[in-house]
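# Tertiary structure, described
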Amino acid sequence: MNKVKTKGSIGKRVVLGLCYGTLVLFMLFQILPFYFSFVESLQPETYRPGGTLHLLPESINIKNYLTAWQGSDMIMGIVWSLIYAGGFTFVTVIIISLVAYVLAKKKFRGQQFVFLFFMSALMVPGEILLVSNYLLITEIGLLGSPLAVVLPGLVNIFGIFLLKQFMHTIPDSVIESAVLDGAGDWKILTRLVIPMSMPAIATYCIITFVGQWNEYLWPQLALNSVSPFDPIQIKLLMYRPTINGSENHPYASVLRTAATMITLLPVLVFYFSFQKYFTEGINVTGLK
Amino acid sequence: MKGIDIKKWYHKYRNDLKCYLLLLVPICLFSVFFVYGFVRGFVFSLLNYDLRFVMLEGLQFVGFEHYAEVFRDKDFLNGLLHTTIWTVVMLIGNNGFGLLMAVCLMKLSRGRKFFLAGLYWPALVSAAITTQITLYVFNPTETGILNSFLSVFGIPPKDWLVNEDTALISLMVIPFFTGFSQKMIIFYAGLNGIPKTYYEAASLDTDSGVQIFGYITWPLLGPVVFLNVLLSLIEGMKVIAPMQLITPHNDFTMSAIYAMYIDAFENTNFSFAFAEGFVMFVIIMVLTVIQNLTQKETVVYE
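Note that the structure is predicted; figures quoted are calculated from it, not measured. (Residues numbered from 1 in each chain as written. Chains lettered and ligands numbered in written order. Predicted model: local features only at pLDDT ≥ 70, side-chain atom pairs only at ≥ 80, totals over all residues. Heavy atoms only, no water.)

Further remarks concern the overall build of chain A. Tallying secondary structure elements over chain A gives 14 helices and zero strands in all. Ordered by position from the N terminus, the helices and strands of chain A form the series α-α-α-α-α-α-α-α-α-α-α-α-α-α. In terms of overall dimensions, chain A is more spread out than a globule: its C-alpha atoms have a radius of gyration of 25 Å, far above the 19 Å expected for 288 residues. Its C-alpha atoms give chain A principal-axis dimensions of about 80 × 75 × 35 Å. (Helix = DSSP H or I, 4+ residues; strand = E, 2+ residues; numbered from the N terminus. Rg over C-alpha atoms; globule rule 2.2 N^0.38 Å.)

Taken together, the contact pairs 87 residues of chain A with 91 residues of chain B. Taking both sides of the interface into account, the surface hidden between chain A and chain B amounts to around 8100 Å²; carbon and sulfur atoms contribute 76%. When residues of chain A are sorted by the area they lose upon contact with chain B, Leu 23, Gln 30 and Glu 127 of chain A head the list and together hold 9% of the total. Viewed at the interface, chain B and chain A are joined by three salt bridges. A salt bridge links Glu 139 of chain A to Arg 40 of chain B, with the shortest nitrogen-to-oxygen separation between them at 2.6 Å. Across the chain A-chain B interface, the total number found is 14 residue pairs in polar contact (both at pLDDT 80 or more). Broken down by element, the side of chain A that touches chain B gets its largest block of residues, 17 residues, from helix 1 (residues 2-41) of chain A. The class makeup of the residues in the side of chain A that touches chain B is 55 nonpolar, 21 polar and eleven charged. (Contact = heavy atoms within 4.5 Å. Buried area = accessible area lost by both parts, 1.4 Å probe. Salt bridge = Lys/Arg side-chain N within 4 Å of Asp/Glu carboxyl O. Polar contact = N/O pair within 3.5 Å; in protein donor to acceptor, adjacent residues only side chain to side chain. Nonpolar A, V, L, I, M, F, W, Y, C, P; charged D, E, K, R; others polar.)

All right, on to the domain arrangement of chain B then. Quoted interface sizes are often the accessible area lost when the parts come together. All names here are of chain B. Domain boundaries assigned for chain B yield domain 1 (2-45) and domain 2 (66-297). Using C-alpha coordinates to define each centre, domain 1 is positioned 40 Å away from domain 2. For the domain 1 face of the interface with domain 2, the top three residues by lost area are Phe 38, Phe 44 and Ser 45, together amounting to 70%. In this structure, the connection of domain 1 to domain 2 is made through zero salt bridges. Our enumeration of links across domain 1 and domain 2 arrives at two residue pairs in polar contact (both at pLDDT 80 or more). Of the residues contributing to the side of domain 1 that touches domain 2, the split by class is three nonpolar, two polar and no charged. (Domains from an automatic or database assignment.)

Right, let's get into the pattern of salt bridges. Throughout the structure, instances matching the rule amount to nine salt bridges over all chains. The partner of Asp 185 of chain A in a salt bridge is Lys 18 of chain B, and the shortest N-O contact between them spans 3.9 Å. Remark: Lys 18 of chain B occurs in helix 1 (residues 2-22) and Asp 185 of chain A occurs in helix 9 (residues 185-196); the pair is interchain, linking two chains. Where Lys 183 of chain B meets Glu 235 of chain B, a salt bridge forms, and the shortest distance between an N and an O atom there is 3.3 Å. With Lys 183 of chain B in helix 10 (residues 181-192) and Glu 235 of chain B in helix 13 (residues 222-237), the pair connects residues that are 52 residues apart, well separated along the chain. Residue classification places Lys 183 of chain B among the buried positions, given a relative accessible area of 2%. (Buried < 20%, exposed > 50% of the residue type's maximum accessible area, 1.4 Å probe, protein only.)

Attention now moves to the domain arrangement of chain A. Its domain assignment divides chain A into domain 1 (2-64) and domain 2 (75-238). Its C-alpha centre places domain 1 of chain A at a distance of 39 Å from the equivalent point of domain 2 of chain A.

The next point concerns helix 10 of chain B. Residues and elements named next belong to chain B. Here helix 10 contains twelve residues, and its C-alpha end-to-end distance of 16 Å stays within 8% of the 16 Å for a straight helix at 1.5 Å per residue. Counted residue by residue, helix 10 has ten buried out of twelve residues, so it is predominantly covered. Along helix 10, the residues that are buried comprise Ser 181, Lys 183, Met 184, Ile 185, Ile 186, Phe 187, Tyr 188, Ala 189, Gly 190 and Leu 191. (Expected span 1.5 Å × (residues − 1).)

Judged by nonpolar contacts, the single largest core of 181 residues is most densely connected at Phe 118 and Ile 160 of chain A together with Leu 119, Phe 265 and Phe 270 of chain B. Of the residues forming this core, the biggest block, 16 residues, is contributed by helix 3 (residues 74-105) of chain A. If we skip the residues at most four places from it in the chain, Ile 160 of chain A touches Ile 96, Val 99, Ala 100, Leu 103, Phe 118, Met 119 and Val 155 of chain A. (Core = buried A, V, L, I, M, F, W, Y, C linked by side-chain atoms within 4.5 Å.)

Quick look at the packing of helix 5 (residues 126-139) of chain A against helix 2 (residues 24-45) of chain B now. At a minimum axis separation of 8 Å, helix 5 of chain A and helix 2 of chain B run at an interaxial angle of 100°. In terms of axis orientation, helix 5 of chain A runs roughly perpendicular to helix 2 of chain B. Each of Ile 128, Leu 129, Ser 132, Asn 133, Leu 135, Leu 136, Ile 137 and Glu 139 of chain A in helix 5 of chain A lies in contact with helix 2 of chain B, whose residues at this interface are Val 32, Phe 33, Phe 34, Tyr 36, Gly 37, Phe 38, Arg 40, Gly 41 and Phe 44 of chain B. For the contact of helix 5 of chain A with helix 2 of chain B, the residue count by class is eleven nonpolar, four polar and two charged. (Axes fitted to C-alpha atoms, helices over the stretch in contact; angles between N-to-C directions. Parallel < 35°, antiparallel > 145°, perpendicular 65-115°, else oblique.)

Moving on, we get to unusual backbone geometry. Residues and elements named next belong to chain B. Its identity as a non-glycine residue notwithstanding, His 249 has a phi of 55°, on the positive side. At Thr 268, a residue that is not glycine, the phi angle is positive and equals roughly 50°. Positionally, Thr 268 belongs in the loop between helix 15 (256-266) and helix 16 (270-297). The exposure class assigned to Thr 268 is partly exposed, which follows from its relative accessible area of 21%.

Below, the structure written as structure tokens:
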């Protein structure tokens, strides 16, 4: 009896050890390319590759970061990315909570039809809209303007669906008593429904913000090649440093990786500040 | 008489009017950027809206000519092949590793949050950053990690991203091993949703982890697997960023959506691009329907 017990616990320990091992291994897979880029980004100007794999930089050169920061005009990229991601998130969250509130908590003729009308967009593929919205933006003269970057995606159907599901859990009696107290729709929405839906709204905002921050394809089309309004992602893609006229010079690669690290840093800081919204947010989205 | 009617009418529909007024801005934005965009895309796919020729020829209705042409277009078919390979590889890799990670996480009694946080962050890394990292890893000179690693063994540097045999594989390596984060989170939430009592009951009958996984975890995880596979299919068929940013205009990595992108924004043949877009749309729809049908055959015990 005793023997069986010990055997079981050894087996369990082996399984547990294997689990830890697998998790650590895959964490390494994820980190390694970034780690090597980080090492590369600190290499000195005299660095020449070949012969060995550098696990540590030859010497730590913070100066690379300054050169890359100035050369890529990253500061304007960050400013515009903040404007796009912040502005977009702010407006879209107002729009989708308004729509979700009306669809979840009001009763009116044609409600079901309006809901299905919005939901039909889940079928519409983004790549077709990419082309037709480009034509539309061109025709109404918004091509190259920052407004064109944020305008098309404001009505987020997935967000409406998610928030509507969440708002169904708010009891009708709460809203009825607010109506009896003489509150209008706008007041009910901003003072009652939005605060009560905060877990879902916060998750939506954070995911939307990062999504917009990381976007490159539509901004590139909407801004029409190199533009003063380029967001950070395009600044990174456009950064092609040359040393002695060559893009393949080892130090050019060092500067590019430094610019990459600069772009990566804000996302990592944002992630570790709001980490629980990313890894636990899925519970709010209704999937048990 | 009429005035009374309007008053009555207003009274009856006042609430409806208010609701539609609240929805006015969202409905307008939605109609312009989604509904109009979609309808226009289809209509234009039947015209000859190619900016290179439309001025000379005048706008004409050409019917389904472009759709027939799509299936003869070398770039698009080539792209469709690569897109299919990409989708299958990512579907297997990301869901396989995602499930493996989620199952391992469930076994832990300590450190779950740490590993969850440590494994999820690559989901937030943008396409632009992934591009730069991939370009660095597969750099054709000894600057690249892969070549400098191989140079330790005396193997000369190779141009991984250009060669026919290695280009597509090079694009797939990093996402294959590290792109599981989103799937892992969904699997993890799904595993947490399976009641503990099922496992307790099963542990009375068997000690085999494989049996428990096969008879309890896998069947109960059915809907979550379905969701993840569907997400992988949709994401995979739309792939463009690695092809466009890392290996632009490379026949060995061309994807279907990238072929569409080139036709629209570089060749300015918008009608043809719309036809390609609708072909992809139909393919994704058909895959979704097929997947829905297979889902109905699996039994869900709940």
